[in-house]
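Inside the fold
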Amino acid sequence: MSNKVEKKDLTKAAIRYMFMACNVFNYENQQGPAIVFGLEKVLRKIYQNDEEYVASLNNHYKYFNTTTWMGNILLGASVAMEEEDGIKAIDTVQNFKTGMMGPLAGIGDTLIWVLYPTIMGSIAAYMGLEGNPTGAVIWLLLNLVFFVFRIKLFHLGYDSGLKLITKLGDKLSVFTEAASIMGLTVIGALIPSVVKVTVGLVYQSGDVELAIQSGILDQIMPALLPVGLTFLVYKLLASKKLSVIQVIFLIIIIALICSFFGILSV
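The shown structure was predicted, so the numbers you read here are calculated from the model rather than taken from an experiment.

1. Topic: the overall build of the protein
For the protein, the count of helices and strands is 10 helices and two strands. Its helices and strands taken in sequence order, the protein reads α-α-α-α-α-α-α-β-β-α-α-α from the N to the C terminus. Pairs at least 24 apart in sequence give 69% of the contacts found in the protein among residues at least 6 apart. In the structure as shown, the protein presents an accessible area of about 15,900 Å², 67% of it carried by carbon and sulfur atoms.

2. Focus on the environment of Met 127
In this fold, Met 127 is placed in helix α5 (residues 90-129). Here the alpha-carbon distance between Met 127 and Val 194, two residues 67 residues apart in the chain, equals 10.0 Å. Those residues in contact with Met 127, other than ones at most four positions away along the chain, are Asn 132, Thr 134 and Gly 135.

3. Let's talk about the nonpolar core
By size, the foremost hydrophobic cluster in this structure holds 39 residues, and its most contacted members are Tyr 17, Leu 39, Leu 43, Val 79 and Phe 154. It is helix α4 (residues 68-85) that provides the largest number of residues to this core, a total of eight residues.

4. Remarks on the pattern of salt bridges
In the structure shown here, the tally under the stated rule is five salt bridges. Taken together, the salt bridges that share partners define one network made up of Glu 6, Lys 8, Asp 9 and Lys 45.

5. As for the packing of helix α3 (residues 50-60) against α5
Put simply, α3 and α5 touch, their axes get as near as 10 Å, and they point 15 degrees apart. One way to sum up the angle between α3 and α5 is to call them roughly parallel. In terms of crossing hand, the pair formed by α3 and α5 is right-handed. The residues of α5 that touch α3, namely those facing Ser 56, Asn 59 and His 60, are Ile 90, Val 93, Gln 94 and Lys 97. In the contact of α3 with α5, the residues fall into two nonpolar, four polar and one charged.

6. Here we look at the layout of surface pockets
Leftover empty space is mapped by rolling, across the atoms, a probe with the size of a water molecule. If you add up the space inside the second largest pocket, you get close to 480 Å³. Along the walls of the second largest pocket sit 18 residues, with Lys 196, Val 197, Leu 229, Ala 255 and Leu 264 positioned nearest its centre. Those elements that provide at least two residues to the lining of the second largest pocket are α9 (224-239) and α10 (244-260). Considering each element in turn, the lining of the second largest pocket owes the most residues, seven residues, to α10. Of the residues belonging to the lining of the second largest pocket, the class tally is 14 nonpolar, three polar and one charged.

7. Here's the deal with α3
For α3, the full list of buried residues reads Tyr 53, Ser 56, Leu 57, Asn 59 and His 60. The buried residues of α3 all sit within an arc of 160 degrees when viewed along its axis, so they share a single face. At its buried positions, α3 is contacted by α2 (32-46), α4 and α5. Between a side-chain oxygen at the N-terminus of α3 and the backbone nitrogen of Glu 51 the separation is 2.9 Å; the capping residue is Asn 49.

8. A few points about the pairing of strand β1 (residues 202-205)
Relative to strand β2 (residues 208-211), β1 runs antiparallel, the two sharing four bridges. In the sheet register, Val 202 faces β2, and the bridge partner there is Ala 211. In this structure, the hairpin formed by β1 and β2 is closed by a connection of two residues, where Gly 206 is found at a positive phi of approximately 70 degrees.

9. What about the environment of Cys 22?
The topology assignment puts Cys 22 in the loop between α1 (7-20) and α2. Each C-alpha atom, one on Cys 22 and one on Ala 34, is 7.8 Å from the other, the two residues being 12 residues apart in sequence.

10. Comments concerning unusual backbone geometry
Located in the positive-phi region is Gln 30, a residue other than glycine, with phi close to 55 degrees. Counting through the fold element by element, Gln 30 comes out in the loop between α1 and α2. Of note, Ala 223 is a non-glycine position whose phi angle comes to about 65 degrees, a positive value. The topology assignment puts Ala 223 in the loop between α8 (212-220) and α9.

Conventions and cut-offs
- Residues numbered from 1 in each chain as written.
- Predicted model: local features only at pLDDT ≥ 70, side-chain atom pairs only at ≥ 80, totals over all residues.
- Heavy atoms only, no water.
- Helix = DSSP H or I, 4+ residues; strand = E, 2+ residues; numbered from the N terminus.
- Contact = heavy atoms within 4.5 Å.
- Areas by Shrake-Rupley, 256 points an atom, 1.4 Å probe, with all protein chains shown as cover.
- Core = buried A, V, L, I, M, F, W, Y, C linked by side-chain atoms within 4.5 Å.
- Buried < 20%, exposed > 50% of the residue type's maximum accessible area, 1.4 Å probe, protein only.
- Salt bridge = Lys/Arg side-chain N within 4 Å of Asp/Glu carboxyl O.
- Axes fitted to C-alpha atoms, helices over the stretch in contact; angles between N-to-C directions.
- Parallel < 35°, antiparallel > 145°, perpendicular 65-115°, else oblique.
- Left-handed = near helix turned anticlockwise from the far one by under 90°.
- Nonpolar A, V, L, I, M, F, W, Y, C, P; charged D, E, K, R; others polar.
- 1 Å grid on protein atoms, 1.4 Å probe; cavity = no way out; pocket = protein on both sides within 12 Å on 5 of 7 lines; lining within 4 Å.
- Points joined across faces, edges and corners; volume = space filled by probe spheres on them.
- Arc of directions from axis to C-beta.
- Polar contact = N/O pair within 3.5 Å; in protein donor to acceptor, adjacent residues only side chain to side chain.
- Pairing = 2+ DSSP bridges.

Right under this line is the structure:
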């Protein structure tokens, strides 16, 4: 019924899925088309019978959505199950993918979509503001390393993904919560370095001059205004009344007006 799936087949499937995961994303079955595009060749090797092959493709075309990194593990494990049990495994595969895509998305979204780009992006951007291109180089190299790592995750899923995910069980939520706390701590520490807000006003009474920024605000709490601005932006985004683009333009307009009148300074 099937031929042995080789490492090169898994690598090609991983790359095809990674390339299309977001490019064909839609609101009906989300990553379903990307999975079909990624697995079609390796499934053709497993299923020599045309009807079984089509049935497997249709099964994978159903709704699926998780962090693409985590998707590699699930798809690798799915290929292993179908290679082992053939067409009898398609219901198990679908239930497995549906049941695990949520918990794994919690980990993937926290670590990959939030922590990694926020921390490394902020560091790279800060180094860029200082005129140092090292941050951009590190960002590029890390993405190349992670590209290879994502392929390895597909192989890991094929070799032991089902066993690994089953053993983790309810520990996934604990791990996600711990990672979230770490991420919030790191992001909070980055605010004074990345967000810059300086008041240019000076209070003057006779011969006495007092800089509002250094003489008052910094004495109350260093980086008070950056923290306040960050909190305000968070509230605006959380209210969902303004989009990210609208908030960005709002900040630019306010900054230009305040700089023109000397309220803010560089």
